[in-house]
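Survey of secondary and tertiary structure
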Amino acid sequence: MKKILKVEQIQKYYGNQHNLTKAIDNISFDVEEGEFIGIMGASGSGKTTLLNCISTIDTVSSGHIYLENEDITEIKEQEIARFRRENLGFIFQDFNLLDTLTIEENIALILTINKISENEIDAKILEIARKLGIEEILQKYPYQVSGGQKQRCAACRAIVNHPKIILADEPTGSLDSKAARQLLEMMEDMNQALHATILMVTHDPFSASYCKKILFLKDGKIFNKIEKGNQQRKDFYNEILDVLALLGGDARDVR
């Protein structure tokens, strides 16, 4: 398998010499093309900081992160916006949709910024909207559709430009159980049918059970990692609960 992401001995400190906090403590791992990886851990474990460093929202204190052959820790500030547009897809908890644009226009935004032709934009949006089941609402505005449909729109926007990796931060956090399940099934389809590479931060074992591999963080370090392999999702879910119990996290399935 082709290696997409390489995280190499990264550390992240906050504060100053009188009050220093180590959020990430010498973390290393690889992500191969087509993997669906979950990152779990209690509050303060470093999972969101890790995702922010990979997404270039934050910078590492030391170490390196490579996306394919590009060291993203060395990208100049004026180049970061271009790098994100061309290489990364994002699925946020709060959707980040613009209410003044239709669903179609929200999805098209990244393609327009990247100067894709209008005909190509229309074709790309229709193709992905059909696959993710929102072609009927493309002309509606975000305030006219359900939370689950908004999240599907956000997922379409994340993948329409065929990014090298999709980063999802607690994507089910603001959804009810039905919409959350639909989104997770859709992300699973994106991973399997479209071969999307996904890195998802979640505190929820139910959400994590859709991943192929889980990294568990504790105090800024990788505490454990497990792979689904040929297990049924229910069995993988129970394995996740066992690790969370060792980790000292909240292993309750709120659904």
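Structure: see above.
Every chain's residues receive numbers from 1 upward, in the order its sequence appears when written. Totals for whole chains, interfaces and linings use every residue, but because this is a predicted model, local features are given only for residues with pLDDT of at least 70 and side-chain atom pairs only at 80 or more, for both listing and counting. Excluded from the side-chain calculations are hydrogens and water; all other atoms, namely the structure's heavy atoms, are used.

**Some words on the packing of aromatic side chains**
Put simply, the rule reads: Centres within 6.5 Å make a pair out of two Phe, Tyr or Trp rings, where for Trp the six-membered ring is used; the pair is then stacked when the planes are under 30 degrees apart, edge-to-face when over 60, and tilted otherwise. Relative accessibility under 20% of the residue-type maximum defines a buried residue, over 50% an exposed one, and the middle range a partly exposed one, all with a 1.4 Å probe and only protein chains included.
Scanning the model with the defined rule gives two aromatic pairs in all. When the ring of tyrosine 141 is compared with that of tyrosine 143, the centres are 5.8 Å apart and the planes differ by 15°; the resulting orientation is stacked. Judged by relative accessible area, which is 55%, tyrosine 143 ranks as exposed. On the basis of an interplanar angle of 75° and a centroid distance of 5.8 Å, the ring pair of phenylalanine 206 and tyrosine 210 is categorised as edge-to-face. For the pair shown, phenylalanine 206 and tyrosine 210 are each scored as buried.

**Some details on the pairing of strand β8 (residues 198–201)**
The side chains of a regular strand alternate, residue by residue, between the two faces of the sheet. Note the threshold: Only DSSP runs of H or I with at least four residues qualify as helices, and only runs of E with at least two residues qualify as strands; both kinds are numbered from the N terminus onward. At least two DSSP bridges between two strands are needed for those strands to be called paired. Clockwise travel from the first strand over the helix to the second, with the strands pointing away from the viewer, marks a crossover as right-handed.
With burial as the criterion, each face of β8 is covered, one bearing Ile198 and Met200 and the other bearing Leu199 and Val201. With four bridges joining them, strand β3 (residues 36–40) and β8 adopt parallel strand pairing. Bridge pairing links isoleucine 37 to leucine 199 in β8. As paired elements, strand β7 (residues 165–169) and β8 share four bridges and run parallel to each other. Within the sheet, the bridge partner assigned to leucine 167 lies in β8 and is leucine 199. As for the winding sense of the linkage, the β-α-β connection from β7 through helix α6 (residues 177–193) to β8 is right-handed.

**A short note on the pattern of salt bridges**
Quick reminder of the rule: Any Lys or Arg side-chain nitrogen located within 4 Å of an Asp or Glu carboxyl oxygen qualifies as a salt bridge.
Summed over the entire model, instances satisfying the criterion amount to twelve salt bridges. Note that aspartate 30 and lysine 3 form a salt bridge whose closest N and O atoms lie 3.2 Å from each other. Within this pair, whereas aspartate 30 is found in strand β2 (residues 19–32), its partner lysine 3 is found in strand β1 (residues 3–16), the two being separated by 27 residues in sequence. According to the relative accessible area criterion, aspartate 30 is partly exposed, its value standing at 30%. Among the ionic pairs, lysine 164 bridges to glutamate 68, the shortest N-O distance being 3.2 Å. Taken together, the residues lysine 164 in the loop between α5 (147–159) and β7 and glutamate 68 in the loop between β4 (62–67) and β5 (70–71) connect sequence positions 96 residues apart. Among the charged side chains, a network of salt bridges with common partners joins Lys2, Glu68 and Lys164.

**Observations regarding helix α3 (residues 103–113)**
Spelled out, the test is: Working rule for contacts: check all heavy atoms of both residues, and any pair within 4.5 Å makes them a contact.
Along α3, the positions that sit buried rather than exposed are Ile103, Asn106, Ile107, Ala108, Ile110 and Leu111. As for α3, its buried residues are in contact with α2 (80–87), α4 (118–131) and α5. Backbone geometry just downstream of α3 places lysine 115 in the positive-phi region, at approximately 60°.

**Regarding the packing of α3 against α4**
The relative placement of two packed helices comes down to the angle between their axes together with the axis-to-axis distance. This is how the line gets drawn: Fitted lines through C-alpha atoms serve as axes, helices being fitted only where they are in contact, and the angles separating the N-to-C directions of these axes extend from 0 to 180 degrees. Here the word oblique covers every angle except those under 35 degrees (roughly parallel), over 145 (roughly antiparallel) and from 65 to 115 (roughly perpendicular). Should the near helix be turned anticlockwise from the far one by less than a right angle, the crossing is left-handed, and should it be turned clockwise, the crossing is right-handed. Amino acid classes used here: Ala, Val, Leu, Ile, Met, Phe, Trp, Tyr, Cys and Pro are nonpolar; Asp, Glu, Lys and Arg are charged; the rest, including Gly, are polar.
Between α3 and α4, the shortest axis-to-axis distance is 10 Å and the interhelical angle comes to 130°. As summarised for this structure, α3 and α4 are arranged oblique, according to the angle between their axes. Crossing of α3 over α4 shows right-handed handedness. In contact with Glu104, Ile107, Ala108, Leu111 and Thr112 of α3, α4 contributes Ile121, Asp122, Lys124 and Ile125. Looking at side-chain class alone, the contact of α3 with α4 contains five nonpolar, one polar and three charged residues.

**Re unusual backbone geometry**
Within the chain, lysine 115 stands out as a residue other than glycine whose phi angle is a positive 60°. When you line up the elements, lysine 115 lands in the loop between α3 and α4. Among the residues examined, lysine 115 registers a relative accessible area of 75% and is labelled exposed. The residue glutamate 170 is not glycine, and still its phi comes out positive at about 45°. With respect to the helices and strands, glutamate 170 occurs in the loop between β7 and α6. Look at glutamate 170 and you get buried, because its relative accessible area is 13%.

**Brief notes about the pairing of strand β10 (residues 221–227)**
Alignment of strand β9 (residues 213–218) against β10, held across six bridges, turns out to be antiparallel. Looking across to β10, one finds that leucine 217 is bridged to isoleucine 222. The turn linking β9 back onto β10 is made up of two residues, and aspartate 219 within it adopts a positive phi angle of 55°.

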